[in-house]
Amino acid sequence: MSSSREPTSRLKPLFLLLMCCSLLLLSACWDRVEVNDIVFVLGAGLHETEDGMIELSIEMVLPQQEVGADAEADSELSTYVEAAEGRTIMDAIANLQQKVPRELFWGQMSTTIISESLAESGMQRAMDFLARHPGARLRKHIFITQEDPVEIFSTAPHLEQSASDTMKELARMQLGIEVDILELLKAMDEESIDIAVPLIETTPIGQGKNEKQDLQINGAAIIKQGHMTNTINMKATRGVLWLKDEVEETIVTISPEDVEGRLTMKMAQSSTSFTPEIHNGKWRLHIYAKSEDDIFENASHLDPGDPDTIAMLEQELAAEIKERMELALQIIQKDIQADVFHFGEIFRRHYPDQWKEAKLHWDEIYPEIEVNIEVETTVNRPGMTVEPIGIPKGEVEE
Amino acid sequence: MIEQGKISSLQMAIFMYPAIIATGVLLIPSITAVHAGRDMWISPIWGSFIGFATVYIAYKLHTQYPGKTVIQYSEDILGKLLGKMLGLIYLLFYLHITGIVLREYSEFILGIFFLHTPIIVILGSMILVGAFAVRGGVEVIARASQICTPIVVILLLSVFIFLSQDLEPRYILPIFEEGITPSLKGALTHQAWFSEFFLISFFLPFLADGEKSLKWSFISVVFVMLTFITANLSALFLFGDLTAKFLYPLMSAARYISIADFIEQLESLVMAIWVAGAFVKLSVFYYALSLGTAQWLNLSEYKSTVFPLGILLVVVAIWSGDNLTEVKETVGTLGPFYLTSLQTVLPLILLLFVLVKKKVQKGAKG
């Protein structure tokens, strides 16, 4: 053993020298990425042109400028919008890259917009790439727009750093639906599941020469079996949120009968639970929603200090929430007949045997499901004041 | 004996754990999901039966021939010629499997991080590190894995914990939607990984506390099973029926993590799990191969076999498939039968042969 070691020790200086030389190889790292050579893509838009090509538009920002923008809050708009066409998305990226002197870096992307034309002809064309790309992140927000994505990205955001950031924050407010790529992929994978994706649009703000374009979420697009079929307005969208158990913050205004004025409540907590039932071949679904609210504005003559008033308000509130859900059900279950609420999934979990057969003709069963909605509400606190302010004492209703 | 080092049973259990899960935790969930669907978390439980059986067989054979590895006692059992042939089969088998492990490791790194780097660089650098560890002997491998294994465990746990807020346990229902068969089909892949526990037969002769070896090996099997269940459950709870569509579900899951806009893009954790785990796995396989080769050739020491085998391993890794799809196809379809037949069934036949032979000899004496 020791004899075999000896030559090694004699060659040790040479060995060390060789090891040092190998350090030189480190500079030839094939996959190094210098921050000076890249540009961050913040958002991407996909649009199908009239001749069937895919138009890719991106919003990008230079790395240094993003740092600078943090330092000076009032810095100028530092994002750029660029677009190119191609037969596939990758083809469009290659064409786009020709216009951009730096390598596009996709790791920071937060938003993807899909135009109505592409969504109608089939989401699959866009989705596969979004899942397959090695830089792909599944937690990217998805929006559908009825405008050209370029216009969405070209808006001048006044609070956030970029249009993509604005959309990300808007989605997070949870006033509308929030959908990321993973959720969309799940929905597209199952034949029986459809999905509602938020609609984004430009809206003018400011007046006269200060007029600028900003963004807002306005309702949702219904994707049915991989194709966009309908849009729903904001009012129906709120009902969808309840039925998907995704409401986190919402405001409900009620105007009780025989009472002058309105009360507005803000929800503190909510949950929706589903109990499916198959009885004599009839498919039923019991939905039980629970909500806890606080009074935020009292523009009526009611005195929220009175327990009877609170009980009455709770009933009114429950009726209002039920109405929202029923409206959404009417539009989506009966009219559009898209299983956005994953009712199929709920039945599959509880009745796997019946489901196996039912899924083959789910589009016939789904609109016929009888839905019972029950809402229980609690009005927790009257806010910081008790009796309505600004109303003479005599006019307050007891 | 050509290996002077001694390790404890606990140390063996520590390096067997990443030696099984390192590649399994990333590759298996999607293969299992294809067959087992929502029952994919049950498959590791079925698979672990093979793990327990393999450990028990290896241990029983060891007690019949203490101080010898499978390469040596196959000669005692089957005679010189047949024994040598069986030894050669095992050496070629481990050469092939280690090559595949090396290839899997490189494909993951190339496919996700180093898109432009030549594969030979990744293969070569890993095999070089492995070679140094193997030349250091069994003690070095044991201690290196004592450092790497806790890192792997902690990182895996943190991925699961960070993911927890996005998990939707409702995907666990319905259980046994199509009966018990899908989960058994899914277990085919798992049992192949569990059969790799036969590698302990190369380490049992070097244990300082041999009497505890069975207990610790079983504990190692249990932990491997629990890890597979957790990995499959988190993939299922996050992706639902979509799990089968992902190549590396755990990787995609780690990328999905986002906590308060601050803790996100955690693929580096998975990368660390992968590199640390694959290193231990490779060293263990590589060591068994080198030691076995030296014993088969009756060499006085095994270190001279390490580098030549390393070069051979790189070549085998490249040969093991033209592309990732082919490698995955090999692992997914051939693997379950190939690995188990050599690592569980063949040893079982050997053991039965020994027991029958002993009984016959006893009968002849009496």
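Bear in mind that the values here come from a model prediction, so they are computed numbers and not experimental data. (Residues numbered from 1 in each chain as written. Chains lettered and ligands numbered in written order. Predicted model: local features only at pLDDT ≥ 70, side-chain atom pairs only at ≥ 80, totals over all residues. Heavy atoms only, no water.)

1. Brief notes about the overall build of chain A
This is how it is decided: Numbering of helices and strands starts at the N terminus; helices are DSSP runs of H or I of at least 4 residues and strands are runs of E of at least 2. Exposure classes here rest on a 1.4 Å probe applied to the protein chains alone. A residue is buried below 20% of its type maximum, exposed above 50%, and partly exposed in between.
Broken down by element type, chain A carries 14 helices and 13 strands. Considering chain A as a whole, with its 398 residues, one finds that 47% of them fall into the buried category.

2. Digging into the overall build of chain B
Here is the rule we go by: It is over C-alpha atoms that the radius of gyration is taken, and the globule rule equals 2.2 Å times the number of residues to the power 0.38. By definition in these notes, contact holds between two residues if any of their heavy atoms fall within 4.5 Å. Per-residue and other accessible areas follow the Shrake-Rupley method at a 1.4 Å probe size, with only the shown protein chains counted as cover for residues. Residues scored as charged are limited to Lys and Arg (positive) and Asp and Glu (negative), so that His and the chain ends carry no count. Charge positions are represented by NZ for Lys, CZ for Arg, CG for Asp and CD for Glu.
Of the regular secondary structure elements, chain B holds twelve helices and two strands. Ordered by position in the sequence, the α and β elements of chain B form the string α-α-α-α-α-α-α-α-α-β-β-α-α-α. A globule of 366 residues ought to have a C-alpha radius of gyration of about 21 Å, and chain B, at 21 Å, matches this closely. With the principal axes as the frame, chain B shows a C-alpha extent of 70 × 45 × 40 Å. Taken over 366 residues, chain B has a buried fraction of 58%. Considering only contacts in chain B between residues 6 or more positions apart, those separated by 24 or more positions represent 85%. Surface summary for chain B: the accessible area is close to 14100 Å², and the carbon and sulfur share equals 71%. Side chains of chain B give 23 positive and 22 negative charges; the mean places of these two sets differ by 15 Å.

3. Here we look at the pairing of strand S11 (residues 263-279) of chain A
Residues and elements named next belong to chain A. Operational definition: DSSP bridges decide pairing: two strands pair if at least two such bridges lie between them.
In terms of strand pairing, strand S10 (residues 251-254) meets S11 through four bridges, oriented antiparallel. Within S11, the residue paired with valine 252 across the bridge is methionine 265. Of the pairings in the sheet, the one linking S11 to strand S12 (residues 282-298) comprises 16 bridges and is antiparallel in character. The partner of serine 271 across the bridge, within S12, is lysine 290.

4. What to know about the environment of Ala156(A)
Residue and element names in this part refer to chain A. Tracing the chain through its elements places alanine 156 in the loop between helix H7 (149-153) and helix H8 (163-172). In this structure alanine 156 comes out as partly exposed when scored by relative accessible area, which is 24%. With 54 residues separating them along the chain, alanine 156 and arginine 102 place their C-alpha atoms 24 Å apart.

5. Considerations on the environment of Asp209(B)
Residue and element names in this part refer to chain B. Our working rule: Here a polar contact is recorded for every N or O atom pair within 3.5 Å, except that within protein the pair must consist of a potential hydrogen donor and a potential acceptor, and residues adjacent in sequence are included only if both atoms are side-chain atoms.
Considering the arrangement of structural elements, one finds aspartate 209 in the loop between helix H7 (181-194) and helix H8 (213-239). Classification of aspartate 209 as buried rests on a relative accessible area of 15%. With 199 residues separating them in the primary sequence, aspartate 209 and leucine 10 have C-alpha atoms 9.2 Å apart. Residues within four places of aspartate 209 in sequence aside, it is in contact with Ile7, Ser8 and Ser9. Among the polar contacts listed, one links the side chain of aspartate 209 to the backbone nitrogen of serine 9, at a separation of 2.8 Å.

6. Quick look at the domain arrangement of chain A
Residues and elements named next belong to chain A. Applied cut-off: Each domain's limits were defined by an automated method or a database of domain assignments. Put simply, buried area is how much 1.4 Å-probe accessible surface two parts lose in total, over both of them, once they are put together. Here, a salt bridge means any side-chain nitrogen of Lys or Arg that lies within 4 Å of a carboxyl oxygen of Asp or Glu.
Domain assignment breaks chain A into domain 1 (32-232) and domain 2 (233-398). Facing 22 residues of domain 1, the contacting portion of domain 2 comprises 22 residues. Of the roughly 1800 Å² buried at the junction of domain 1 and domain 2 (both faces included), carbon and sulfur atoms supply 59%. At the boundary of domain 1 with domain 2, the tally comes to one salt bridge. Of the charged contacts in the structure, one is a salt bridge between lysine 244 and glutamate 183, with a shortest N-O distance of 3.2 Å.

7. A short note on the interface of chain B and chain A
One frequently used descriptor of interface size is the decrease in accessible area upon assembly of the parts. Tallying the contact residues gives 34 residues for chain B and 25 residues for chain A. Summing both partners gives a buried area of about 2700 Å² for chain B against chain A, and 47% of it is carried by carbon and sulfur. Taken together, chain B and chain A are joined by four salt bridges. One salt bridge connects Glu345(A) with Arg38(B), and the closest N-O pair in it is separated by 2.7 Å. At the boundary of chain B with chain A, the tally comes to seven residue pairs in polar contact (both at pLDDT 80 or more). In terms of residue count, the dominant contributor to the side of chain B that touches chain A is helix H9 (residues 249-256) of chain B (three residues).

8. Brief notes about the packing of helix H5 (residues 119-136) of chain B against helix H11 (residues 303-319) of chain B
Residue and element names in this part refer to chain B. Stated formally: Here an angle of 0 to 180 degrees is reported between the N-to-C directions of two axes, which are lines fitted to C-alpha atoms, with helices fitted over the stretch in contact. An angle below 35 degrees is treated as roughly parallel, one above 145 as roughly antiparallel, one from 65 to 115 as roughly perpendicular, and anything else as oblique. Note on convention: near helix rotated counterclockwise from far helix by under a right angle means a left-handed crossing. Clockwise means right-handed.
For the pair H5 and H11, the least separation of the axes is 10 Å and the interaxial angle reads 155°. Classified by the angle between their axes, H5 and H11 sit roughly antiparallel to one another. Of the two possible hands of crossing, H5 and H11 adopt the one that is right-handed. Of the residues in H11, those in contact with Ile120, Leu123, Ile127, Leu128, Ala131, Phe132, Val134 and Arg135 of H5 are Lys303, Val306, Phe307, Gly310, Leu313, Val314, Ala317 and Ile318.

9. Notes on the sheet that holds S10(A)
Residues and elements named next belong to chain A. Strand order across the open sheet formed by four strands is S10-S11-S12-S13, with mixed pairing between neighbours. Looking at strand neighbours, the two that pair on one side only are S10 and strand S13 (370-381), the edges of this open sheet. Taking each pair of neighbouring strands and ignoring which way they run, the sheet shows an average axis angle of 35°. Most of the contacts of helix H11 (residues 307-336) go to S13, to which it runs at about 145°, and overall it touches S10, S11, S12 and S13.

10. Some remarks on a nonpolar patch on the surface
Here is the rule: Within the patch definition used here, like charges are joined within 9 Å and nonpolar side chains (Val, Leu, Ile, Met, Phe, Trp, Tyr) within 5 Å, considering only residues with over 30% relative accessible area and no salt bridge.
On the surface, Trp30(A), Ile120(B), Val121(B), Ile318(B) and Trp319(B) cluster together into a nonpolar patch covering about 540 Å² of accessible area. Of all the elements in the fold, those that place two or more residues in the nonpolar patch are H5 and H11 of chain B. By the element assignment, Trp30(A) lies in the loop between helix H2 (12-25) and strand S1 (38-48). Judged by its relative accessible area of 44%, Trp30(A) falls in the partly exposed class.

11. Overview of a positive patch on the surface
Residues and elements named next belong to chain B. There is a patch of like positive charges on the surface, built from Lys357, Lys358, Lys359 and Lys362. Assignment of secondary structure puts lysine 357 in helix H12 (residues 324-365). In this structure lysine 357 comes out as partly exposed when scored by relative accessible area, which is 30%.

12. A closer look at the side chain of Thr293(B)
Relative to the assigned elements, Thr293(B) resides in helix H10 (residues 267-296). Contact partners of Thr293(B), with chain neighbours within four places excluded, come to Leu91(B), Thr305(B) and Leu309(B).

13. Looking at helix H4 (residues 89-97) of chain A
Residue and element names in this part refer to chain A. Threshold: The arc in question is the one spanned by the directions pointing from the helix axis to the C-beta atoms.
For H4, the set of buried residues is Ile89, Ala92, Ile93 and Leu96. All buried residues of H4 project into a common sector of 105° when viewed along the axis, lining one side. Buried residues belonging to H4 abut S1, strand S2 (54-61), strand S3 (79-86), strand S4 (103-105) and helix H6 (124-132).

14. Observations regarding H7(B)
Residues and elements named next belong to chain B. Selection rule: By this rule the span expected of a helix is its residue count minus one, scaled by 1.5 Å. Two axes enter the definition of the bend at a residue: one is fitted to the seven residues ending there, the other to the seven starting there, and the bend is the angle between them.
Along its 14 residues, H7 runs 19 Å from first to last C-alpha, staying within 8% of the 20 Å computed at 1.5 Å per residue. Considering bend angle alone, the principal kink of H7 is centred on leucine 188 and spans about 35°. Summarising burial for H7: ten of the 14 residues are buried, a large majority. Turning to H7, its buried residues are Pro182, Ser183, Gly186, Ala187, Thr189, His190, Gln191, Ala192, Trp193 and Phe194.

15. Observations regarding the packing of aromatic side chains
Selection rule: Pairs were defined over the aromatic rings of Phe, Tyr and Trp, the Trp ring being its six-membered one, requiring ring centres within 6.5 Å. Orientation was assigned from the angle between planes: stacked under 30 degrees, edge-to-face over 60, tilted for the rest. Whether a charge sits over a ring depends on NZ of Lys or CZ of Arg being within 6 Å of the ring centre and within 35 degrees of the ring normal.
Enumeration over the complete set of coordinates arrives at 27 aromatic pairs over all chains. Here the aromatic rings of Trp355(A) and Trp362(A) are separated by 5.0 Å at their centres, their planes lie at 75°, and the arrangement is edge-to-face. Note on accessibility: Trp355(A) and Trp362(A) belong to one class, buried. Between Phe108(B) and Tyr248(B), the aromatic rings sit 4.7 Å apart at their centres with planes inclined by 85°, giving edge-to-face as the arrangement. Taken as a pair, Phe108(B) in helix H4 (residues 80-112) and Tyr248(B) in the loop between H8 and H9 lie far apart in primary sequence, 140 residues in all. Neither Phe108(B) nor Tyr248(B) differs from the other in exposure class; each is buried. Directly above the aromatic system of Tyr65(B) lies the positively charged group of Lys358(B), at a separation of 5.9 Å from the ring centroid.

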